[in-house]
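Tertiary structure, described
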Amino acid sequence: MKIIHSDVLVIGGGLAGQRVALAAKRRGLEPSILSLVPAKRSHSVAAQGGMQASLANCFKGEGDNEDVHFEDTVRGSDWGCDQRVARMFAHVAPKAIRELAAWGVAWNRVRAGEHEAVINGQRVTLTEREDAHGLITARDFGGTRKWRTCYTSDGTGHAMLYTVSDRVIAEAIPVHERQEALALIHDGHRCHGAVVRDLITGELSAHLARATVIATGGYGRIWGISTNALINEGMGAALALETGVARLGNMEAVQFHPTAILPTGILVTEGCRGDGGVLRDVDGHRFMPDYEPEKKDLASRDVVSRRMAEHMRAGKGVKSPYGEHLWLDITQLGAAHIDRNLREVKDICRYFLGIDPAKDFIPVRPTQHYSMGGVRTDYRGESQWLSGLFSCGEAACWDMHGFNRLGGNSVAETVVAGMLVGEYVADFCQSRHGDQEISTALAREFVQREQRGLEKIIANPGHENAVDLRRRMEQIMTDKVGLFRNGPDLESAVAELAELLARSGEVGVNGGLDANPELVLAYRLPRMLKVALTVAMGALNRTESRGAHFREDYPARNDRDWLNRTLACWREGDALPRLDYEELDVLRMELPPGFRGYGAKNIIDHPDTAPRQAEVDEMRAAKLDRYAVQSYLMSFKHLLPLKYRGRNERLDEPLP
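This section reports on the structure supplied with the text. (Residues numbered from 1 in each chain as written. Predicted model: local features only at pLDDT ≥ 70, side-chain atom pairs only at ≥ 80, totals over all residues. Heavy atoms only, no water.)

**Focus: the overall build of the chain**
Looking only at helices and strands, one finds 18 helices and 22 strands in the chain. Relative to the globule expectation of 26 Å for 656 residues, the C-alpha radius of gyration of the chain, 24 Å, shows essentially globular dimensions. Principal axes of the C-alpha set define a box for the chain whose edges measure 70 × 60 × 50 Å. Burial status across the chain gives 61% buried among its 656 residues. A separation threshold of at least 6 residues defines the contact pool for the chain, and within that pool the share at least 24 residues apart is 73%. When the accessible surface of the chain is summed, it comes to about 24100 Å², and 49% of that surface belongs to carbon and sulfur atoms. In the chain, 82 side chains carry a positive charge and 89 a negative one; their mean positions are 2 Å apart. (Helix = DSSP H or I, 4+ residues; strand = E, 2+ residues; numbered from the N terminus. Rg over C-alpha atoms; globule rule 2.2 N^0.38 Å. Buried < 20%, exposed > 50% of the residue type's maximum accessible area, 1.4 Å probe, protein only. Contact = heavy atoms within 4.5 Å. Areas by Shrake-Rupley, 256 points an atom, 1.4 Å probe, with all protein chains shown as cover. Lys, Arg positive; Asp, Glu negative; His and termini not counted. Charge placed at Lys NZ, Arg CZ, Asp CG, Glu CD.)

Listed below in structure tokens is the structure:
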């Protein structure tokens, strides 16, 4: 049996995983990274529009700070997030973006003087201040009160991932490509690493480590149409789920992006609307101001997606052979702006649609995009149920997004969470908790178990076809666990997904144990179905609407009964996941639950909201600076590594 030792095993080669590995390396540890694909092809590379950080450099960002970013994030989450984590994130984001600039990310910069912009469909002139010239600039994004989304045209993820990957190479961190973790090695209390399969040779090995980090991204490919990369099948969530010990959190919290092109589902960035693009219907009418007169096309993503679907239901969609859609109009931005700031969008439109977005409308519709749920962790990124198991990025329910995330907060989370969780991982490894005594017998037991499982699949003369089962799963999730949800559909989805899970054990495959795509699909399929069932059951049980989770039969946000986080585990032998709940404490919130400002107010209040709001109002009325008020309402800086506690400097907030 082949055994590979490291201090930190990172499962996932995207931005979050690589940044964790860098933090561990800089603390004197020896990390290693597993990646299904060459690391620079990880899904992080697909992020287009930008990364949020409250720098307040450009004219439309003036007055921005951590307080504003924090409040936007909490409101965007529909009060489902961990407010301490949201605070930590908003505080560290400016540090992260400046670190990336120092490493070589070519952020777009402020140019002093006058320049034209399109705001609310109108061309206006903005004047940038002289002392901001050359600083990192920002564009507008949905659900924010300030322009804070820093960007590199519309290739932000590409620039970030290549830069961070180059740092990983420079610091000699090994990246094992075409390697897949099949199971976590654990004793029921402590995680010791993973069983890993070489996708080229089929060989199994044991990767043992003092700490294991799941950073595998989301689970969008359990839906029929998704903006996610093909590798985003939820295997990281399944690894944790199949331990029977670790928990997944908020798996029903799934975001649909408003502007994926028809029919492929490829995303065109929110930067299109941030830069001044608008949504139009079959008549060419700009309809979003009719629904959301304040934020219009730049309402929060969950809101825009639902409004688009409602407008198509009202008969205002554009008919096509691929289904109904609406139009995204960026023609008013002009060819020069598109060539400079939206180059990827132009290429997508040219190669996949055969159109020129400077002249033609873009056919778009809401499509599954992001997973707010994932491996449930504490603020340090560690599972509370399985010591030594950490998670970060989209794979984790850390939980800064709650039930809806703001655009630009996800790619920011990858590096911010990577920075912070990497430090906590190093603390763990260098403490007494990091000492591990693992017998080779335990590793051998897990490797042999996985080997027997693969051999059983190969030997199975089963009559089920994995492709057919997967397509049916994708159709169920698309039709019944989508943008709009209701009890009967969700009950039907759970029942049929459970039946598919049972049938997945009778899949037959051709070929052997080496490089065999049929085998890969056969062993991943039951895991995808388990992930799908945690989503569908979580959605069925949550009888309210919150953020991206919208129940047509329960349209109110019910803080009284549902201000909590869903937890899911799956014990060996169970046919369905077990769900329980983790309450959010209103009395410890810096920003008590309130009205997001979209549509009609439809909230069942929590009994602690009014008294907590009175405490907050009283404190804010005191003549104290914002730092003192914040610290009193919800202290968080003591949770941060010492190196990241310092204040952020801005043009109008110089450091003392």
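**Here we look at unusual backbone geometry**
For the peptide bond that leads from Leu-262 to Pro-263, omega is 5 degrees, which places it in the cis range. Along the polypeptide, Pro-263 turns up in the loop between strand 12 (254–261) and helix 6 (271–274). At Lys-296, a position not held by glycine, the phi torsion is positive, near 55 degrees. Structurally, Lys-296 is set in the loop between helix 7 (288–291) and helix 8 (301–316).

**A short note on the sheet that holds strand 14 (residues 326–329)**
Across the sheet, which stays open at both edges, the four strands sit in the order 12-15-14-13 with antiparallel pairing between neighbours. The open sheet has two edge strands, strand 12 and strand 13 (278–280), and neither has a second partner. Geometrically, the sheet is characterised by an average inter-axis angle of 45 degrees between neighbouring strands, direction not taken into account. The sheet contact formed by strand 14 and strand 15 (residues 362–371) spans three bridges and is antiparallel. Bridged to Leu-326 within strand 15 is Val-364. (Pairing = 2+ DSSP bridges. Axes fitted to C-alpha atoms, helices over the stretch in contact; angles between N-to-C directions.)

**Description of the environment of Ser-635**
Along the chain, Ser-635 falls in the segment after helix 18 (626–633). A polar contact is formed between the side chain of Ser-635 and the side chain of His-638, at a distance of 3.2 Å. (Polar contact = N/O pair within 3.5 Å; in protein donor to acceptor, adjacent residues only side chain to side chain.)

**Re helix 2 (residues 66–76)**
Burial within helix 2 is extensive, with 10 of its 11 residues counted as buried. Within helix 2, the full set of buried residues consists of Glu-66, Asp-67, Val-68, His-69, Phe-70, Glu-71, Asp-72, Thr-73, Val-74 and Gly-76. Its buried side turned inward, helix 2 meets strand 3 (51–52), helix 3 (83–103), helix 11 (409–429), helix 17 (609–621) and helix 18. At the N-terminal end of helix 2, a side-chain oxygen is found 2.8 Å from the backbone nitrogen of Asp-67, two or three residues along, and the residue is Asn-65. In the segment just after helix 2, Asp-78 is the residue with positive phi, at about 55 degrees.

**Some thoughts on the side chain of Thr-367**
As for its placement among the helices and strands, Thr-367 is situated in strand 15. Only 3.3 Å separates the side chain of Thr-367 from the backbone oxygen of Arg-365, close enough to count as a polar contact. Beyond its immediate sequence surroundings of up to four residues, Thr-367 is in contact with Ile-225, Ser-226, Thr-227, Gln-255, Phe-256, His-257, Ala-260 and Gly-265.

**What about the side chain of Thr-163?**
Along the chain, Thr-163 turns up in helix 4 (residues 156–170). Classification of Thr-163 as buried rests on a relative accessible area of 10%. When residues no more than four places from it in sequence are discounted, the contact partners of Thr-163 are Leu-100, Trp-103, Gly-104 and Val-105.

**Focus: the packing of aromatic side chains**
All chains considered together, the criterion is met by eight aromatic pairs. Considering the side-chain rings of Trp-562 and Tyr-581, the 5.3 Å spacing of their centres and the 80 degrees angle between planes classify their relative orientation as edge-to-face. Of this pair, Trp-562 sits in helix 16 (residues 559–562) while Tyr-581 sits in strand 21 (residues 578–583), and the two are 19 residues apart along the sequence. A relative accessible area of 12% places Trp-562 in the buried class. Taken together, the ring pairs in this structure connect Tyr-219, Trp-223 and Phe-256 into an aromatic cluster. (Phe/Tyr/Trp six-rings, centres within 6.5 Å; stacked < 30°, edge-to-face > 60°.)

**Description of the pattern of salt bridges**
Pairing between side chains of opposite charge can happen when their charged atoms approach one another. Counted by the stated rule, this structure contains 65 salt bridges. Between Arg-313 and Glu-552 there is a salt bridge, and its shortest N-O distance comes to 2.8 Å. Of this pair, Arg-313 sits in helix 8 while Glu-552 is found in the loop between helix 15 (517–541) and strand 19 (557–558), placing the two residues 239 residues apart along the sequence. You can call Glu-552 partly exposed: its relative accessible area is 36%. Put simply, Asp-78, Glu-252, Asp-302, Arg-306, Arg-542, Glu-544, Arg-546, Arg-557, Asp-559 and Arg-596 are held in one network by salt bridges that share partners. (Salt bridge = Lys/Arg side-chain N within 4 Å of Asp/Glu carboxyl O.)

**Quick word on the pairing of strand 12**
The element strand 12 is extensively covered by neighbouring structure, given that eight of its eight residues are classed as buried. Relative to strand 15, strand 12 is paired through six bridges, and the arrangement is antiparallel. Looking at strand 15, one finds that Phe-256 is bridged to Gln-368.

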